[in-house]
Each structure stands twice: as C-alpha cells, then as structure tokens.
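Each chain, written out:
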Amino acid sequence: MPSIKSTSRRTFGLAIAGVAFALATAGVSHAQDVRTIKIATAAESKPLSWGAIGVEPQGYEPDVLKAINAKLPQYKFEMEGAADIAQETGLVTGKYDIATGGYYRAPAREKQFLIPESPIGASLIKIYSRKDSGINEMKDLVGKKIVPVTAGGGIYKFATAWQEQNPDYKIEITASSAGIPYPDRLKEVQNGKYDALVLPSNLGEQTVIDQQKLDIKASEPVAINNTFVLIHRSEENKALSEGIDQALKELKADGTLAKLSQKWFGEDITTYMK
C-alpha cells in the first residue's frame, strides 16, 4: 500500500510539474509574440502631445495611441517625445515604427511611409501674426514674409493648392527642413523677422502666446485637415498599419475619439474628420 501511495504521489507531482512547465512555456511564447513598437510623439505641442525623452508623453495623441494599443494586444507601444525633424528622420531610418504629431497626408509622405486610411484627428489651419499686422486671411499674405514650411508637408501642400486656386494673389511660400520649434517661430514673428506663421492650431501655439505674453493673434481657420499616423514602410509593418486603421474606425464609432477630443481640446474635433 505505501508503495502504491508513493507512486501516486510521484505521478501526481509529475503531472503538476508538467502543467506548470506547459504554462511557463506558453507564457514565454506569448511574451515572444508581443512585438514592441517604438513611437515618436510631438515633444512641444500641448495639448496635442508633449513630453521630452524620458518623460511620459501626454496629450490627445498619446491617449489615442493607448486606446489603439488596448485593441492590439499583439503589440506593446513605447512612446517618447521627439522634435519634428527627428521624428521623420527616425521614421525613415527605422529608429521609430510610428510617428504622430498632427501630420497631414501628402504625396511625399505617402511614398515614404505607410499611412492608415482612418485619421487620428483633425486640425484647424490658422495664420499667426502680430496684432497690428492687418493679416486675417490668406489673401492678406501677399507681399508678406512667411515662416518657411516643411518641404512636402501638409502646410506646403495646402499653400500650394491655395495658390493654384487663387492665381491673382501671389504669396511667397518657402520650403525648409530646418526643424525649428514652433515656440521659436512664434518669437520670430513677434520680433519682425517674419510677418506670419501658418500652422495647425492644435500644436500648442496659444499656450506659448499666453505664457510668453506675445503680441500675436490667431486668425479664423483658413482650412481644416484630417491628421494621420505615419508608419515606417516595411513588410512587417503592413499588418500594424491595417490594425491601427481598424482600431481608429472603432474608436471613432464608439465615441472614444470624441471624448478624448473634448478632454484635451475642449471641443469635438471628430465633427471635422472626413
């Protein structure tokens, strides 16, 4: 009898050990299946996104990215703030898998990156100028010195299209890739180096104007654009792009994007999302 009990105990112990091993193996396998996704978010664009390297990014886009990640458990999103020029350079080289920063869809970007069809948000393009400038709309920029815009970017595309539609008004738009932060650009308008800055209003300009007491005003919106997630172009990232596209569709449909918009912008920008 003791021998039978001993054998039973050994058999039971082996069975438990086998189950434990199987669970441990499954845990290792699951951990290996979860792919880490490196994401660059805007570092100085409150309330859209802000937070330098080593600081947890905050704002509308980081919150949306967290909501997307909750729907895509096969990925682990890791975010860090980065300057505009560092974002796109890092995305091209593969340092980052994703970049967000109020980006518009543009032909040059469509060639370089994967861009989900569903937008992550919407931005209102405004003109920032000194309060005594008399600048209120695009036509008022004729003969004015405008802060250079990102080559191939959304503002460049908008300004070029506007010029084609309004050939009687010649405005000078210069393309640049200098990557100078928006707060510094606003100061250049303040000190007279430039007459105007054309930018989406969701990058934190008003916060800078208020905090630094700049004598600058924002015009009424001159255009409204959807904003998108940019993804490093690779075969591996095609599934990631498709997953993000579907997640954004669901987050818009269930009201999550509207709630986050109200939280960070004080209005529902999803009403502008085409």
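Because the structure is a prediction, the values reported are computed rather than measured.

Novice: Looking at this structure, I do not really get the nonpolar core. What am I missing?
Specialist: A general feature of soluble globular proteins is that nonpolar side chains tend to end up buried together. By size, the foremost hydrophobic cluster in this structure holds 41 residues, and its most contacted members are I68, F77, I98 and I244. Formed by 15 residues, the second largest nonpolar core is a distinct cluster that contains Y104, I127, F158 and A223.

Novice: How should I be thinking about the packing of helix α2 (residues 60-71) against helix α8 (residues 237-253) in this particular structure?
Specialist: Following both chains from N to C, one finds α2 and α8 inclined at 110°, their axes separated by 9 Å at the closest point. On the basis of the axis angle, α2 is roughly perpendicular to α8. For the pair α2 and α8, the sense of crossing is right-handed. Here α2 contributes V64, A67, I68 and K71 to the contact with α8, which in turn contributes I244, A247, L248, E250 and L251. Here the residues of the contact of α2 with α8 are counted per class, giving seven nonpolar, no polar and two charged.

Novice: Would you mind going over the packing of aromatic side chains with me for this structure?
Specialist: For any pair of aromatic rings, the description consists of the separation of the ring centres together with the inter-plane angle of the planes. Scanning the entire structure with this criterion turns up three aromatic pairs. An angle of 80° between the planes, with centres 5.6 Å apart, marks the rings of W50 and W264 as edge-to-face. Taken together, the positions of W50 in strand β3 (residues 49-50) and W264 in helix α9 (residues 256-265) put the pair 214 residues apart, joining distant regions of the chain. Ring geometry for W162 against Y169: centres 6.4 Å apart, planes inclined by 50°, an arrangement best described as tilted. Judged by relative accessible area, which is 12%, W162 ranks as buried.

The rules behind these values
- Residues numbered from 1 in each chain as written.
- Predicted model: local features only at pLDDT ≥ 70, side-chain atom pairs only at ≥ 80, totals over all residues.
- Heavy atoms only, no water.
- Core = buried A, V, L, I, M, F, W, Y, C linked by side-chain atoms within 4.5 Å.
- Buried < 20%, exposed > 50% of the residue type's maximum accessible area, 1.4 Å probe, protein only.
- Axes fitted to C-alpha atoms, helices over the stretch in contact; angles between N-to-C directions.
- Helix = DSSP H or I, 4+ residues; strand = E, 2+ residues; numbered from the N terminus.
- Parallel < 35°, antiparallel > 145°, perpendicular 65-115°, else oblique.
- Left-handed = near helix turned anticlockwise from the far one by under 90°.
- Contact = heavy atoms within 4.5 Å.
- Nonpolar A, V, L, I, M, F, W, Y, C, P; charged D, E, K, R; others polar.
- Phe/Tyr/Trp six-rings, centres within 6.5 Å; stacked < 30°, edge-to-face > 60°.

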